[in-house]
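# A closer look at the structure
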Amino acid sequence: MRARELAWQFGGLDSRLLGLPRLVQVEVTNRCDLFCRTCTRQKLPDYGDMAFDDFARIVAMLGPVDRLWLAGQGESLLHPELPRMVRLCTERGLTGTVLHTNGMHLEGRVLDELADAGLGELNVSVDGGTAVEVEYLRDGVDLARVLRNAAAFARRSSTPVALYSILNRMNHASMPLLPALAAGAGIRRIRATETVPFRDSSTERAVHDRREYQFASLPKVVRKRTLAAMRRAAQEHGVVLEMYLRWDRRRCRDPMRRLYLDARGNATPCCRIHSEALMGNVLQDGLRAVWHGTAMTQWRETLLDRAQHPRICVERCNLGVQRTR
């Protein structure tokens, strides 16, 4: 992918040199059964599911992809045809299909159908090492049920399963307990990231992700101690720990290789922007027209010059600043 990006950058910014996106995220639904305190679903204009036929149209538009995430600002398992969607991806040879779920509905018929659908990876969200943090941050979740469901899926399917956790100020002290929870459920991988720094003008500080939730706003010594303890615990319990701590960065290449599609087929540069910057609609205009279109082209070009970085990118990813780690 890097070679294509360099060809685009030094080949006259011709988007055709990028080919089609190799990383695609499709939000099959934006409905959810939880009220997570670091989620921004409440900003969405409406809620609903992507029709199966529309999903099939999008899959048919894709070229070879390295990853196809079936996730967004909703709980994917609430979509009544999700297993059928996964099977369609498998039939099309999309082996890198990844599903994110809160795990509450990963049971019964849904579990059995997903286990046999050919899913590439399953990420189950567990934000913390104790029920106190997890059930506060994800209002409506039952940690014991989630771990029980994840363990059942891991036993039933050959699909790799990981716990996906978001580090923040509230849960950082309990995060070193997470590897023990994973190992107890028969899960040998944890993926940890940080809260997205949504620093906008909203006053709903108890709902949306604000500075007081930010892991990055903790003293550096505290962050280092937390991460070191997580690594030690992972090694002790035989769990692979992957960390994605990258909100402070000088460059962003996501719009050169990645596309986010919401439940209505609207395209945005990345999942952290979502409905706030629309690049077009693939169901109306087609994937190629959107990916190579004027809006996406202009967005990419602004990312090459730090003085032109879109305000929303500077806020959401601290884009253009020096790394602090």
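Right, let's walk through the structure included here. (Residues numbered from 1 in each chain as written. Predicted model: local features only at pLDDT ≥ 70, side-chain atom pairs only at ≥ 80, totals over all residues. Heavy atoms only, no water.)

## Side note on the pairing of strand 4 (residues 97–101)
Along a regular strand, successive side chains alternate from one face of the sheet to the other. Rules: Burial classes: relative accessible area under 20% of the type maximum marks a residue as buried, over 50% as exposed, and values in between as partly exposed (1.4 Å probe, protein chains only). Only DSSP runs of H or I with at least four residues qualify as helices, and only runs of E with at least two residues qualify as strands; both kinds are numbered from the N terminus onward. When DSSP finds two or more bridges between two strands, those strands count as paired. Handedness of a crossover: with both strands directed away from the viewer, a clockwise path from the first strand across the helix to the second marks it as right-handed.
Among the 5 residues of strand 4, 5 are classified as buried, and the element is accordingly described as predominantly covered. Here strand 4 shows no split at all, with Thr97, Leu99 and Thr101 on one side and Val98 and His100 on the other all buried. As paired strands, strand 3 (residues 67–70) and strand 4 are joined by 3 bridges and run parallel to one another. Looking at strand 4, one finds that leucine 68 is bridged to threonine 97. Of the strand pairs in this sheet, strand 4 and strand 5 (residues 121–125) are connected by 4 bridges, and their pairing is parallel. Bridging from a neighbouring strand, valine 98 pairs with glutamate 121 of strand 5. Chirality of the crossover, the property in question, places the unit of strand 4, helix 4 (residues 108–115) and strand 5 among those that are right-handed.

## What about helix 8 (residues 220–237)?
For the record, the criterion: The span you would expect from a helix comes to 1.5 Å times its residue count less one. Note that the arc is defined by the directions from the helix axis to the C-beta atoms. A contact between two residues is defined here by any heavy atoms of the two lying within 4.5 Å.
Relative to the 26 Å expected for 18 residues at 1.5 Å per residue, helix 8 spans 26 Å between its end C-alpha atoms, a close match to the ideal helical length. Three or more residues of helix 8 are buried, namely Val222, Arg223, Thr226, Leu227, Ala229, Met230, Ala233 and Ala234. Burial along helix 8 is one-sided: seen end-on, the buried residues are contained in an arc of 160 degrees. Looking at helix 8, the residues exposed on the side facing more than 90 degrees away from the buried face are Val221, Lys224, Arg225, Arg232, Gln235 and Glu236. Buried residues in helix 8 make contact with strand 7 (161–167), helix 7 (178–184), strand 8 (189–194) and strand 9 (240–244). Remark: glycine 238 follows helix 8 within two positions and exhibits a positive phi of approximately 70 degrees.

## Notes on the pattern of salt bridges
Basically, it comes down to this: Note on definitions: salt bridges are taken to be side-chain nitrogens of Lys or Arg within 4 Å of carboxyl oxygens of Asp or Glu.
Scanning the entire structure with this criterion turns up 14 salt bridges. In this structure, arginine 57 and aspartate 54 form a salt bridge, with 3.6 Å as the shortest nitrogen-oxygen distance. A residue pair is termed a helical-turn pair when its members lie 3 or 4 positions apart in one helix, as arginine 57 and aspartate 54 do in helix 2 (residues 52–61) at 3 residues. In this structure arginine 57 comes out as partly exposed when scored by relative accessible area, which is 39%. A residue is classified by how much of its surface remains accessible, and aspartate 54, at 24% relative accessible area, is partly exposed. In the salt-bridge network here, residues are joined through shared partners; they are Arg67, Glu121, Arg189, Arg191 and Glu242.

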